[in-house]
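# Analysis of the macromolecular model
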Amino acid sequence: MTSDDRLWVVVGPTASGKTALAVELCEAHDGEIVSADSVQVYRHFDVGSGKPSAEERARARQHLIDVIEPNEPMDAARFTELAELAIAEIRGRGKRPIVCGGTFLWVRALLHGLVPAPPADAALRARHQARVNEVGRAGLHADLGRVDPEAARRLAPNDFVRVSRALEVFELTGVRMSDWQAAHGFKTSRHEARLLGVRREKAELDQLILARCRAMLAAGWVAEATRLLQAGYAETRPFSSVGYKQIAQALSREEPIDLAELELAIFRATRVFARRQRTWLRDQPIEWLTPGSTKL
RNA sequence: GUCCGGGUAGCUCAGUCGGUAGAGCAGUGGAUUGAAAAUCCACGUGUCGUCAGUUCAAUUCUGACCCUGGACA
């Protein structure tokens, strides 16, 4: 294959086999993987996050997995900083970085950057939450409408996360989020990318998801989650991720865990997640690859 | 066998003082600019267990029967 300086990015829904494909690509093209996964970045959340196996790690070097503690701050902007460092470092050694992951906001941020706004402000978020307790989400949405009508128009009153962020951006900078977004619009690229997608039939993906849920539970997922809960990680980000959330809920009930019921709940949450990922990927200029095909 | 609950959307249930019914979850589609595996939006005709009675009108009242949970025998 001729040299291709583009940044290769492997995408696809959860459980589709992204890592396996990325590992093959690394072996064939002297590459190393830069993970774009919002759960695998955390240490200790191993069984349920689908981290690459020891064998896969041996075959291809992995970056941005196990790099922060569960209670450390992490967001899309911080990810792009870390990813840029990893990419530069890999290229500096003459290797090919291959981005691989299912957190598509992070991938988009890496490829196109984000609005130049400051990071989240814990004190402001707390104030917004207090305001919601007082006047409801619709009340906070109305607050936003007073300073940034365009943002308020586009956001649902119940979408607290985004309403709070838009309000926060204005309060911190005096600039309307909607103005920044209009100017930014993900129009420019920080990297020329080659998007490689793993395609799966829906029924086939369901089978893969179910099999993976079973395998993870059999591999001691509940025990791991129990340990993490005891270690005081209950309120951390990764505990609200698919599966860990369902396990924590099951553990918090009086009755003993019904494993079949838990498995079903996790399977369902995972396929809902896969659906949302499909929406992200729709209409993207992706080269779709069918697993098993020899094209790399 | 007797008594008391239940039988309503794929699941768990709410409801109709008689005018053919609605939430959560699941499902499908969508949004996504420092929480993103998060957060949010849209989409709900189903013999209201069966048969009969009363009624202009019954899923709603009455009776019988069937199924189911519990208590007592």
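See the structure printed just above.
These figures come from a predicted structure and were not determined experimentally. (Residues numbered from 1 in each chain as written. Chains lettered and ligands numbered in written order. Predicted model: local features only at pLDDT ≥ 70, side-chain atom pairs only at ≥ 80, totals over all residues. Heavy atoms only, no water.)

### Some points on the overall build of chain A
Summing up its helical and strand segments, chain A has 12 helices and 6 strands in all. Relative to a compact globule of 296 residues, whose C-alpha radius of gyration would be 19 Å, chain A shows 20 Å and is just as compact. Dimensions of chain A, computed from the C-alpha atoms along their principal axes, are close to 55 × 55 × 35 Å. Taking all 296 residues of chain A together, 44% fall into the buried category. (Helix = DSSP H or I, 4+ residues; strand = E, 2+ residues; numbered from the N terminus. Rg over C-alpha atoms; globule rule 2.2 N^0.38 Å. Buried < 20%, exposed > 50% of the residue type's maximum accessible area, 1.4 Å probe, protein only.)

### Digging into the environment of lysine 95
Relative to the elements of secondary structure, lysine 95 occurs in the loop between helix H3 (76–92) and strand S4 (96–100). Classification of lysine 95 by relative accessible area gives partly exposed; the value is 30%. Between the C-alpha atom of lysine 95 and that of phenylalanine 267, which follows or precedes it by 172 residues, the distance is 37 Å. Setting aside chain neighbours within four positions, we find lysine 95 in contact with Asp30, Glu32 and Ile90. (Contact = heavy atoms within 4.5 Å.)

### A word on the pattern of salt bridges
The tally for this structure, following the rule as stated, stands at 27 salt bridges. With a closest N to O distance of 3.7 Å, glutamate 261 and arginine 253 form a salt bridge. Assessed through its relative accessible area of 46%, glutamate 261 is described here as partly exposed. Salt bridges linked by common partners bring Asp46, Lys51, Arg57 and Asp66 together as one network. (Salt bridge = Lys/Arg side-chain N within 4 Å of Asp/Glu carboxyl O.)

### Focus on the protein's contact with RNA strand B
In the neighbourhood of RNA strand B, 47 residues make up the surrounding shell, with Ser38, Ser241, Arg276, Thr279 and Arg282 lying closest. The protein-proximal atoms of RNA strand B, defined as those within 4 Å of the protein, are 57% sugar or phosphate. Arginine 165 is positioned with one of its side-chain polar atoms (N or O) 2.9 Å from a phosphate oxygen of RNA strand B. One of the side-chain nitrogen or oxygen atoms of arginine 282 is found 2.6 Å away from a phosphate oxygen of RNA strand B. (Near = heavy atom within 4 Å. Polar contact = N/O pair within 3.5 Å; in protein donor to acceptor, adjacent residues only side chain to side chain.)

### As for the pairing of strand S1 (residues 7–11)
Most of S1 sits out of view: 5 of its 5 residues are buried. Of the two faces of S1, the one holding Leu7, Val9 and Val11 and the one holding Trp8 and Val10 are both buried throughout. Direction of pairing for S1 relative to strand S5 (residues 193–198): parallel, over a ladder of 5 bridges. Residue leucine 7 lies in a different strand from S5, and its bridge partner there is alanine 193. (Pairing = 2+ DSSP bridges.)

### Considering the nonpolar core
Counting residues in hydrophobic clusters, the biggest one holds 48 residues, and the most contacted among them are Val9, Val34 and Phe79. Looking at this core, the elements with two or more residues in it are S1, H3, helix H4 (104–112), helix H9 (202–218), helix H10 (221–230), helix H11 (244–252) and helix H12 (259–281). Counting residues per element, this core draws most heavily on H3, which supplies 7 residues. Not counting chain neighbours up to four residues away, the residues in contact with valine 34 comprise His63, Leu64, Ala83, Ala86, Ile87, Ile90, Pro97, Ile98, Val99 and Cys100. Residues Val115, Ala151, Leu155 and Val169 belong to the second largest nonpolar core, which totals 15 residues. (Core = buried A, V, L, I, M, F, W, Y, C linked by side-chain atoms within 4.5 Å.)

### Overview of a positive patch on the surface
A cluster of basic residues, Lys202, Lys245, Arg275, Arg276 and Arg278, forms a positive patch on the protein surface. Broken down by element, the residue count for the positive patch peaks at 3 residues, all from H12. Mapped onto the secondary structure, arginine 275 falls in helix H12. (Patch = residues over 30% accessible without salt bridge, like charges linked within 9 Å, V, L, I, M, F, W, Y side chains within 5 Å. Areas by Shrake-Rupley, 256 points an atom, 1.4 Å probe, with all protein chains shown as cover. Lys, Arg positive; Asp, Glu negative; His and termini not counted. Charge placed at Lys NZ, Arg CZ, Asp CG, Glu CD.)

### A few points about H4
Residues of H4 that are buried include every one of Phe104, Trp106, Val107, Ala109, Leu110 and Leu111, and no others. The elements touched by buried residues of H4 are S1, H3, S4, S5 and H12. The positive-phi residue at the C-terminal boundary of H4 is glycine 113, with phi of around 75°.

### Comments concerning the environment of leucine 144
Within the secondary structure, leucine 144 is located in helix H5 (residues 122–147). A residue is classified by how much of its surface remains accessible, and leucine 144, at 0% relative accessible area, is buried. In this structure the C-alpha to C-alpha distance between leucine 144 and alanine 122, which are 22 residues apart in sequence, comes to 18 Å. In this view, leucine 144 contacts Pro149, Ala151, Ala152, Leu155, Val163, Ala166 and Leu167; residues no more than four positions away in its chain are not counted.

### Some words on H12
With 23 residues, H12 ought to run about 33 Å at 1.5 Å a step, and its terminal C-alpha atoms sit 33 Å apart, in line with that. Here H12 has its buried residues at Leu262, Glu263, Ile266, Phe267, Ala269, Thr270, Ala274, Gln277 and Leu281. The inward-facing, buried residues of H12 contact S1, H4, H9, H10, H11 and strand S6 (286–289). The opening residue of H12 is aspartate 258, an N-cap whose side-chain oxygen sits 3.1 Å from the backbone nitrogen of alanine 260. Downstream of H12 by one or two residues, aspartate 283 has phi in the positive range, about 70°. (Expected span 1.5 Å × (residues − 1).)

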